[in-house]
Amino acid sequence: MTIATELPAEFPAGDAASTAAATAAASGAPSAAPVTMLNPDFPFSYDHYLAHPAGLGSVPPELYGTEVAVVGAGLSGLVTAYELMKMGLRPVVYEADQIGGRLRTASFPSAPEVTADLGGMRFPVSGKAFYHYVNVLGLQTQEFPNPLAPSTSSTVIELAGKRHYATTPSELPDFYREVAEAWKAAVNDGASFSEMQEAIRARDTGRIKELWNELLPLLDEQTFYGFIAASTSFRKAGFAHREAFGQVGFGTGGWDTDFPNSILEILRVVYTDADDQHRLITGGAQRLPEELWRQAPSGMVHWPEGTSLASLHSGSPRGAVDRICRADNGDLLVRERWGRESAYPAVVTTCQSWLLSTRIHTEESLFPSELWTAIERSHYMQSSKTFVMVDRPFWKDIDPETGREVMSMTLTDRLNRATYLLDNGPDKPAVILLSYTWNDDALKWLALTADERVELMLHSLKQIYPGVDIASHIIGQPITVSWEAEPNFMGAFKANLPGHYRYQQRLFTHFKQDKLPEGQRGIFLAGDDVSFTAGWAEGAVTTGLNAVWGVLNHLGGSSASGNPGPGELLDELGPISLD
């Protein structure tokens, strides 16, 4: 997502995944089976669905070439359009800005081959549906240099002015181990962590639902902070341990800005190992949506070999959508910003859901009032990143006095919060992500220019590395983003507050429309903010696949024999009602 709560299990304060694997091994459980992003709200195996040789479904031949509007050319929109095209339909993609959405990669002007991922930059290997498309497109990936990950040669944690250098978790002080143990105990005692991971490994959907449905009414109104503060382990450990847990989290940075959010959001991350084994896409994350746009899949229905989304659009998607409404004949009318209007039997909106009320004049009657409430109550996380290009990976220089690298991947309670070092090879220009921050910490940068941000970040890093002249290595202009200031996004991703489960349930299940009145059918929501795993690219992919099923069903098509789609299993495996 993905831009999102991305946390490496290698960091000792978050090694819950490793603990669960050890527990499974000790109990004789089949530890060889991988943990996947089999979300407990709807444990549908999207990866198996995608891999089935019969495909996802079909429409009657007389519908071949039927146009379906897809609003938004991010990952979710392009997955939707790509799969609809393969079925013989003609997706018409609308995009207000650039292909990729929050999978946005920027290049440094003086060295275009040197890139920075402004949105989603690291993707857990448990996201099997996401990697289905990575593999189909033949994209290369490599391990992301998270704190204390195998590919990270050294990590520095600096809190309250005290600096700790480590190449492995065992080199950190005992205090951090105590924080780690408190978190492990909290999620096992209060959220059945080991049992849930064992069920996910086995794809035991009955057990997953049994555990999750029991926890939902108990935890829906609990904050992340309230959960850890109420746990026996953290009460025994004391406030200092909770404070450190908030400052450096159990992964890639401080989690105190996430403390007001629902604990359910955090559990979905750690249950599914979304906090573990991250990889980046070589050349930048935006390559994935761009290749989906350009690639011509083989064996398509109706369309000749060589057809791609790009060729169906003469190279460019349509423009920004200004209005969506119902025509007198029942079709859906989509109007662009400068007036062009087209009618469609079905529309999929994958844009940030707030845009349906703030930038797109969406006819109110298209959605039930309770769904509008769910859209408007969505809570979005702010996020800021600032990158600089440097002449070489100088941080690997060895300090002759200490024998250590002069600079490391850094977690701190200073303004930067997290600093990442991105190496492109010896003596080649490299990239430093000077600061990656969320919510309140991200808002501190909002009013500052890129240069002002860099100056403050360098000042903070100078306190941690007083003998290192970082500025002397910087080449060209910095690249920065504050996602809350981006008009087509207004935030990095959605993260539910306590009590928001009912809203998410409405949004996620909207793709199955058999209980809706006729006037509210045919328009489908998709995108990572509709997903229960908002902020992760996996959620963008899977909700796009939900929308594909919805369009297929709406137009009179059907799932492939032997490969039931998400709509067929929603009643059995889907999110329960708390009322």
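To be clear, the structure that these remarks concern was listed above.
This section reports on the structure supplied with the text. Everything quoted here is computed from the prediction, not taken from an experiment.

1. Section: the overall build of the protein chain
- A count of helices and strands for the protein chain gives 20 helices and 22 strands.
- Taken over C-alpha atoms, the radius of gyration comes to 24 Å for the protein chain, in line with the 25 Å a tight globule of 579 residues would show.
- Its C-alpha atoms give the protein chain principal-axis dimensions of about 75 × 55 × 40 Å.
- Taking all 579 residues of the protein chain together, the buried fraction comes to 60%.
- Looking at the protein chain as shown, the accessible area adds up to about 21,100 Å², and 49% of this sits on carbon and sulfur atoms.
- Between the mean site of the 45 positive side-chain charges and the mean site of the 70 negative ones, the protein chain shows a separation of 1 Å.

2. Let's talk about the nonpolar core
- Counting 127 residues, the largest nonpolar core has L75 and W183 as its most contacted members.
- Take this core: its biggest share by element is nine residues, from helix 19 (residues 537-554).
- The next biggest cluster of nonpolar side chains, apart from the first, holds 24 residues, and it includes V334, Y344, I360 and L366.

3. Concerning the packing of aromatic side chains
- Applying the stated criterion to the full structure yields 31 aromatic pairs.
- Pairing Y436 with W438 gives two aromatic rings, centres 4.9 Å apart and planes at 40°, and the pair type is tilted.
- Taking relative accessible area as the criterion, Y436 reaches 3% and is therefore assigned buried.
- Linked through ring pairs, F42, F44, Y46, Y49, Y501, F508, F511, F532 and W549 together constitute an aromatic cluster.
- Note that R337 overlies the ring of W338, its terminal NZ or CZ placed 4.3 Å from the centroid.
- Over the face of the ring belonging to Y436 we find K385, whose NZ or CZ atom lies 4.6 Å from the ring centre.

4. Section: the side chain of S383
- Of note, S383 is situated in strand 16 (residues 383-390).
- Other than its neighbours up to four places away in sequence, S383 contacts Y436, T437, W438, A442, V481, S482, W483, E484 and A492.

5. Description of the sheet that holds strand 5 (residues 123-124)
- Strand order in the open sheet formed by three strands is 5-9-6, with antiparallel pairing between adjacent strands. Across the chains shown, the open sheet's two edge strands, defined by having one partner strand only, are strand 5 and strand 6 (141-143).
- In the sheet, strand 6 pairs with strand 9 (residues 278-281) via three bridges, with the strands oriented antiparallel. Following the sheet pairing, E143 is matched in strand 9 by R279.

6. A closer look at the packing of helix 5 (residues 174-191) against helix 11 (residues 263-271)
- Two numbers describe how helix 5 lies on helix 11: the axes approach to 12 Å, and their chain directions differ by 105°. When the axis of helix 5 is compared with that of helix 11, the two are roughly perpendicular. Listed contacts from helix 11 to W183, V187 and A191 of helix 5 are I266, L267, V270 and Y271.
- Each residue belonging to the contact of helix 5 with helix 11 can be placed in one class, and the counts come to seven nonpolar, no polar and no charged.

7. Some points on the sheet that holds strand 10 (residues 321-326)
- With mixed pairing, four strands are arranged side by side in an open sheet as 12-11-10-14. The open sheet is flanked by strand 12 (341-344) and strand 14 (361-362), the only strands paired with a single partner.
- Examined bridge by bridge, strand 10 and strand 14 share two bridges and lie parallel to one another. In the sheet register, R323 faces strand 14, and the bridge partner there is H361.

8. Details of the pattern of salt bridges
- Scanning the entire structure with this criterion turns up 24 salt bridges.
- Between R340 and E336 there is a salt bridge, with the nearest N and O atoms lying 2.5 Å from each other.
- On the basis of relative accessibility, which here comes to 46%, the residue R340 falls in the partly exposed class.
- Close ionic contact of D397 with R392 constitutes a salt bridge, the shortest N to O distance being 2.9 Å.

What counts and how
- Residues numbered from 1 in each chain as written.
- Predicted model: local features only at pLDDT ≥ 70, side-chain atom pairs only at ≥ 80, totals over all residues.
- Heavy atoms only, no water.
- Helix = DSSP H or I, 4+ residues; strand = E, 2+ residues; numbered from the N terminus.
- Rg over C-alpha atoms; globule rule 2.2 N^0.38 Å.
- Buried < 20%, exposed > 50% of the residue type's maximum accessible area, 1.4 Å probe, protein only.
- Areas by Shrake-Rupley, 256 points an atom, 1.4 Å probe, with all protein chains shown as cover.
- Lys, Arg positive; Asp, Glu negative; His and termini not counted.
- Charge placed at Lys NZ, Arg CZ, Asp CG, Glu CD.
- Core = buried A, V, L, I, M, F, W, Y, C linked by side-chain atoms within 4.5 Å.
- Phe/Tyr/Trp six-rings, centres within 6.5 Å; stacked < 30°, edge-to-face > 60°.
- Lys NZ or Arg CZ within 6 Å of the ring centre and 35° of its normal.
- Contact = heavy atoms within 4.5 Å.
- Pairing = 2+ DSSP bridges.
- Axes fitted to C-alpha atoms, helices over the stretch in contact; angles between N-to-C directions.
- Parallel < 35°, antiparallel > 145°, perpendicular 65-115°, else oblique.
- Nonpolar A, V, L, I, M, F, W, Y, C, P; charged D, E, K, R; others polar.
- Salt bridge = Lys/Arg side-chain N within 4 Å of Asp/Glu carboxyl O.

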